[in-house]
Amino acid sequence: MPAPGSSLSPPVRIALGERSYDIAIAAGLLDAASAWDGLPSASAALIVSNTTVAPLYAARLRAALGARYAQVHEVVLPDGEEHKDWPTLNLIFDALLRHGCDRRTVLFALGGGVVGDMTGFAAASYMRGVPFVQVPTTLLAQVDSSVGGKTAINHPLGKNMIGAFYQPARVVCDLDTLATLPGRELSAGLAEVIKYGPIHDLAFLAWIEQNLDALLARDRAALAHAVRRSCEIKAEVVGQDEREAGLRAILNFGHTFGHAIEAGLGYGQWLHGEAVGCGMVMALQLSRRLGLVDDAFAQRVTALIARAGLPTVGPDLGADRYLQLMRVDKKAEGGQIRFVVIEAPGRAGVRGAPDELVRQVLADGTR
Ligand code: NAD
Ligand code: GLY
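What this report covers is the structure whose coordinates are included nearby. Keep in mind it's a predicted model, so treat the numbers as computed, not measured.

Description of the overall build of the chain
Logical step 1: In terms of regular secondary structure, the chain is built from 13 helices and eleven strands.
Logical step 2: The C-alpha radius of gyration of the chain comes to 20 Å, within 12% of the 21 Å expected for a compact globule of 367 residues.
Logical step 3: Overall, the chain is about 60 × 45 × 35 Å in size when its C-alpha atoms are taken along their principal axes.
Logical step 4: Evaluated residue by residue, the chain yields a buried proportion of 57% over its 367 residues.
Logical step 5: Of all intrachain contacts in the chain linking residues separated by at least 6 positions in sequence, the fraction that spans at least 24 positions is 75%.
Logical step 6: Accessible area for the chain stands at about 14,100 Å²; split by element, carbon and sulfur atoms hold 52% of it.

Below is the structure:
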């Protein structure tokens, strides 16, 4: 039997000068010594996880890190998007201070995007910055949130409104962890995989269409390709625009509408990926109404989103409420909402749109 992680394909590199790092993608990495070689040295590590993921994987990570760090501490957060907030973030600082952790301490985010975003923000701010490693265990986190250094917590008035850009020292994607992911969460992750097609890579869009059943069946090779190609595209975009001065905003395709759904319904009602999937349908309809793409392309991507098990009709919050929530979006400028639209199949851009057009999209796309 091969050793865990022995069939390692080369990591995907995020090229950001002195903040560059690798994304390792393979099955069995949690138990592979090579996955943890060369990390920043320190006397202590802190594993940050949650009540769902810690019982599944923390012991294995702890064993792997025990060979490298004299002390391996652990903090277990409550699970859920509704806990991506100040009181939960504080639990990480409480643990760091209680254990007397110094500024070399390395944080390990073991979980999905919620744990990853909060651990990254804690790492960015504890003693003005300590190293951290992303160990994503959801498809969504492996293809998107663990990569690129966006860290944040939510505010009741707006999603991910308080945070920092802070890059991890490494990302370790153990594909085996996806075996325990609930089906609804797998679908949510597929929303962010599908996203990369219409905004950047039509060949990848076609590949997803052909391999969606395999992805839903958790075929190992299909998942490996989806994670790798998604990370490659994200690396390309983030490498050009780390702090979202321009290009990086295209990665927020579907997110302006999606964040409004999440905040409007109350965090945790719809999963982030579900809101993004539905938000992409709305953004496609806006692109169509702006005369940028034809209905056939909008319907093609919408059909894929539906096949992935994601909602394509949004909740009826009322157009006024959607508009109010979308004005809190980070892309908004001077109170004007800016949307990621598909400029042409395979290419995205950011632009404003008349409220009237947005209202038409919402009238047709919510129920
Ligand atoms: P999540 O972190 O809430 O995880 C989803 C659920 O799956 C949770 O209940 C979690 O405990 C559980 N889980 C995680 N791994 C598991 C496993 N292997 N087996 C069984 N259960 C498991 O949600 P998510 O979809 O991973 O991430 C969504 C979050 O990511 C949102 O807060 C979103 O804003 C953020 N995000 C951030 C970025 C970024 O660039 N930083 C990008 C996209 C999304
Ligand atoms: N998920 C969007 C970004 O990382 O920019």
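Here's the deal with the pattern of salt bridges
Logical step 1: Inspection of every chain in the model, using the stated rule, returns 24 salt bridges.
Logical step 2: Two residues, Asp144 and Lys195, come together in a salt bridge whose shortest N-O distance is 2.8 Å. Taken together, the residues Asp144 in helix α5 (residues 139–145) and Lys195 in helix α6 (residues 183–200) connect sequence positions 51 residues apart. Note on accessibility: Asp144 and Lys195 belong to one class, buried.
Logical step 3: Within the structure, one salt-bridge network assembled from shared partners comprises Asp144, Glu192, Lys195 and Lys234.

What to know about the sheet that holds strand β3 (residues 44–50)
Logical step 1: Reading across the sheet, the seven strands line up as β1-β2-β9-β6-β5-β3-β4 and stay open at both edges, with mixed pairing between neighbours. One side of each edge strand has no neighbouring strand; the edge strands of this open sheet are β1 (12–14) and β4 (71–77). Each adjacent strand pair in this sheet contributes to an overall mean axis angle of 15°, direction not counted.
Logical step 2: Alignment of β1 against strand β2 (residues 21–26), held across three bridges, turns out to be antiparallel. Following the sheet pairing, Arg13 is matched in β2 by Asp22.
Logical step 3: Sheet strands touched by helix α3 (residues 86–98): β3, β4 and β5 (106–111). Its angle to β4, the strand with the most contacts, is close to 160°.
Logical step 4: Packing against the sheet, helix α4 (residues 113–125) makes contact with β3, β4, β5 and β6 (132–136), and its axis sits at approximately 165° to β5.

With respect to helix α9 (residues 255–265)
Since the α-helix packs 3.6 residues into each turn, any two residues three or four apart lie on the same face.
Logical step 1: Counting buried positions along α9 gives nine out of eleven residues, so the element sits mostly inside the fold.
Logical step 2: Residues His255, Thr256, Phe257, Gly258, His259, Ala260, Ile261, Glu262 and Ala263 constitute the buried set of α9.
Logical step 3: Residues of α9 that are buried in the fold lie against β8 (158–165), α6, α10 (272–289), α12 (319–326), β10 (339–344) and α13 (355–365).
Logical step 4: Just downstream of α9, Gly266 is the residue with a positive phi angle, here 100°.

Brief notes about the side chain of Thr119
Logical step 1: Topologically, Thr119 is positioned in helix α4.
Logical step 2: Beyond its immediate sequence surroundings of up to four residues, Thr119 is in contact with Val48, Ile92, Leu107, Phe108, Ala109 and Phe132.

Quick notes on the pairing of strand β7 (residues 150–155)
Logical step 1: Relative to β8, β7 is paired through five bridges, and the arrangement is antiparallel. Residue Ile153 lies in a different strand from β8, and its bridge partner there is Ile162.
Logical step 2: Following β7, the chain reverses through two residues before pairing antiparallel with β8.

Examining α10
Logical step 1: The first and last C-alpha atoms of α10 sit 25 Å apart over 18 residues, in line with the 26 Å expected at 1.5 Å per residue.
Logical step 2: Counting buried positions along α10 gives 16 out of 18 residues, so the element sits mostly inside the fold.
Logical step 3: One or two residues past the end of α10 sits Gly291, with phi positive at roughly 80°.

Quick look at the site of ligand 2
Logical step 1: Residues in contact with ligand 2, as listed here, are Asp144, Lys150, Lys234, Glu244, Arg248, Leu251 and Asn252.
Logical step 2: A distance of 2.6 Å separates an oxygen atom of ligand 2 from a polar atom in the side chain of Lys234.
Logical step 3: At 2.7 Å, a side-chain N or O of Arg248 approaches an oxygen atom of ligand 2.
Logical step 4: Considering ligand 2 on its own, with 200 Å² of exposed area, one finds that the protein chains cover 90% of that surface.

How each quantity is defined
- Throughout, residues of each chain are indexed from 1 in the direction in which the sequence is written.
- To label them, take the chains in the order written and letter them from A, then take the ligands in the order written and number them from 1.
- Confidence filtering applies because this is a predicted model: local features only for residues at pLDDT of at least 70, side-chain atom pairs given and counted only at 80 or more, and all residues used for totals across whole chains, interfaces and linings.
- Side-chain metrics rest on all non-hydrogen atoms present in the structure, leaving aside hydrogens and water.
- The numbering of helices and of strands both runs from the N terminus, where a helix is a DSSP run of H or I of at least 4 residues and a strand a run of E of at least 2.
- The globule rule used here is 2.2 Å times the number of residues to the 0.38 power, and the radius of gyration it is set against is calculated over C-alpha atoms.
- Three labels apply to residues, based on accessible area from a 1.4 Å probe with only protein chains included: buried if under 20% of the type maximum, exposed if over 50%, partly exposed otherwise in between.
- Two residues form a contact once any of their heavy atoms are found within 4.5 Å.
- Surface accessibility in these figures is a Shrake-Rupley result with a 1.4 Å probe; residues are shielded only by whichever protein chains are displayed.
- Only one rule defines a salt bridge in this text: a Lys or Arg side-chain nitrogen within 4 Å of an Asp or Glu carboxyl oxygen.
- For two strands to be treated as a pair, DSSP must find no fewer than two bridges joining them.
- A fitted line through C-alpha atoms represents every axis, and for helices the fit uses only the stretch in contact; the resulting angles, taken between N-to-C directions, go from 0 to 180 degrees.
- Multiplying 1.5 Å by the helix residue count minus one yields the expected span of that helix.
- Note on terminology: near, applied to a residue and a molecule or strand, indicates that one of the residue's heavy atoms is within 4 Å of it.
- For this analysis, a polar contact is any N or O atom pair within 3.5 Å, provided that within protein one partner can donate a hydrogen and the other can accept it, and provided that sequence-adjacent residues contribute only side-chain to side-chain pairs.

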